[in-house]
Amino acid sequence: MATLQDHIAATSARTEQRPWYHLNGEERLAWLLVLPWIIGFVAFQLGPMLASLGLSLTEWRMFTPPKFIGLSNYAEMISGDPLVFQAFKVTTIYSVTSVPLRIALGVLVALLLNASVRGLAFIRTVYYLPATVSGVAVAMVWLLILNGDFGLLNRALSLLGLEGPYWLTDTRTVLASFVLMSLWSVGAGIIIYLAGLQGVPNELYEAAEVDGAGDWVMFWKITIPMISPVLFFQFVIGMIDALQEFAGPFIMTQGGPGNASLFVMLYLFRQGFEFFQMGYASALAWVLFVYIMLMTLFIIRSSAVWVYYEGEVKGN
């Protein structure tokens, strides 16, 4: 009797011998269903990306034909534009600060919501709702909260006898204001953390409790390792999203004061749609793309140290 492996090998051999254009009914249907996505990807993602790569090698002010200048835009960024370094510094500080804070707060709230209490479904919904609000609406709300004269945050501090700063107009606090604002959408990750927490086997906690382990030890030795794949996923997605922050700085500060909140996406927007330097803006977009890719690869490589997968053997 032929084994399953023999059947798979025979099927693979027939597939390799058959020309790619000789498809059966199921394969044709599969390609037909995938075709709209492929067309959309080529037309609205891959095509514009390749076009922007070509534009990054030109000087194009939108109202004149593009002029090929090679790598001059990239050379300008390295040697002649100090705002590029400032924009990447601001974006990096914001990302490496806000993302870990959002993850830590999300895990903490998920631990509280993982308990069996009355009205838990309603509480989970309330925490998730802010994540459904658009970035523009969130920015307008936080403009009122962080206003130095009549903002809600400073009024709350005044009740404690403290004098709040001018959050969005002070170079010392403006970036911290955006980090604080980023915690608004922590509810989006709570759903994923809850799923991870509910996937941890209770037998591990029971065995640790028999051995005399306390809650803190069980949290660090069982909970964190078991949900580390979830944390890894959230860290990667969070960093990619944070490095492309735009709506808040654009609406609330326009990069000020003194370029203290000049994010890369905001500077890119300025170059393209305020100064009409589309070639330079395209080059900035590709530098940001490479930067995000390198940051993502660094996180992925570091995962071998701190991410644990159930059933994984150390060193394999």
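- In the nomenclature of an unreviewed UniProt entry, the chain corresponds to Sugar ABC transporter permease from the organism Caldilineaceae bacterium SB0664_bin_27.
- Recorded under Sequence similarities (unreviewed entry), the UniProt text for the chain is reproduced unchanged: "Belongs to the binding-protein-dependent transport system permease family."

**Focus on the UniProt feature "transmembrane region" (unreviewed entry) in the chain**
Then step 1. Under the present numbering, the feature "transmembrane region" (unreviewed entry) in UniProt falls on residues 29-51, 93-113, 125-145, 174-197, 218-240, 246-269 and 281-309.
Then step 2. The annotated region residues 93-113 carries 100% helix and 0% strand content, and the separation between its end C-alpha atoms amounts to 30 Å.
Then step 3. Segment residues 281-309 splits into 90% helix and 0% strand. End C-alpha atoms: 41 Å apart.

**Focus on the packing of aromatic side chains**
Then step 1. Tallied over the full model, the rule gives 16 aromatic pairs.
Then step 2. Their ring planes at 75 degrees and their centres at 5.2 Å tell us that Trp286 and Phe289 sit as a pair that is edge-to-face. Of this pair, Trp286 and Phe289 both sit in helix H14 (residues 278-306), separated by 3 residues, roughly a single helical turn.
Then step 3. Ring pairs connect the aromatic residues Phe246, Phe250, Phe269 and Phe273, which therefore count as one cluster.

**Overview of the packing of helix H4 (residues 82-113) against helix H8 (residues 174-182)**
Then step 1. Two elements in contact, H4 and H8, have axes separated by 9 Å at closest approach and are oriented at 35 degrees. Remark: the crossing between H4 and H8 carries right-handed chirality. In this structure, H4 contributes Val90, Ile93, Tyr94, Thr97, Ser98, Leu101 and Arg102 to the contact, and H8 contributes Leu175, Phe178, Val179 and Ser182.
Then step 2. Among the residues making up the contact of H4 with H8, the classes are represented as 7 nonpolar, 3 polar and 1 charged.

**As for the domain arrangement of the chain**
Then step 1. Annotation of the chain at the domain level lists domain 1 (2-55) and domain 2 (75-306).
Then step 2. Between the C-alpha centres of domain 1 and domain 2 the distance comes to 37 Å.
Then step 3. The partner domain 2 presents 4 residues to the 4 residues of domain 1 that form the contact.
Then step 4. Taking both partners together, domain 1 and domain 2 bury about 390 Å²; carbon and sulfur atoms supply 70% of that area.

**A closer look at unusual backbone geometry**
Then step 1. Look at the link from Gly256 to Pro257: it is a cis peptide, with omega at -10 degrees.
Then step 2. Residue placement: Pro257 occurs in the loop between helix H12 (247-252) and helix H13 (264-274).
Then step 3. The phi angle at Gln254 is positive, at roughly 55 degrees, despite the residue not being glycine.
Then step 4. Here Gln254 lies in the loop between H12 and H13.

**What about H8?**
Then step 1. Burial analysis of H8 places 7 of its 9 residues in the buried class, which makes it a mostly covered element.
Then step 2. Looking only at H8, the buried set comprises Val174, Leu175, Ser177, Phe178, Val179, Met181 and Ser182.
Then step 3. Tucked inside the fold, the buried residues of H8 contact H4, helix H6 (135-145) and H12.

Basis of the calculations
Residues numbered from 1 in each chain as written. Predicted model: local features only at pLDDT ≥ 70, side-chain atom pairs only at ≥ 80, totals over all residues. Heavy atoms only, no water. UniProt positions renumbered as here; feature names shortened; annotations may be inferred. Helix = DSSP H or I, 4+ residues; strand = E, 2+ residues; numbered from the N terminus. Phe/Tyr/Trp six-rings, centres within 6.5 Å; stacked < 30°, edge-to-face > 60°. Axes fitted to C-alpha atoms, helices over the stretch in contact; angles between N-to-C directions. Left-handed = near helix turned anticlockwise from the far one by under 90°. Contact = heavy atoms within 4.5 Å. Nonpolar A, V, L, I, M, F, W, Y, C, P; charged D, E, K, R; others polar. Domains from an automatic or database assignment. Buried area = accessible area lost by both parts, 1.4 Å probe. Buried < 20%, exposed > 50% of the residue type's maximum accessible area, 1.4 Å probe, protein only.

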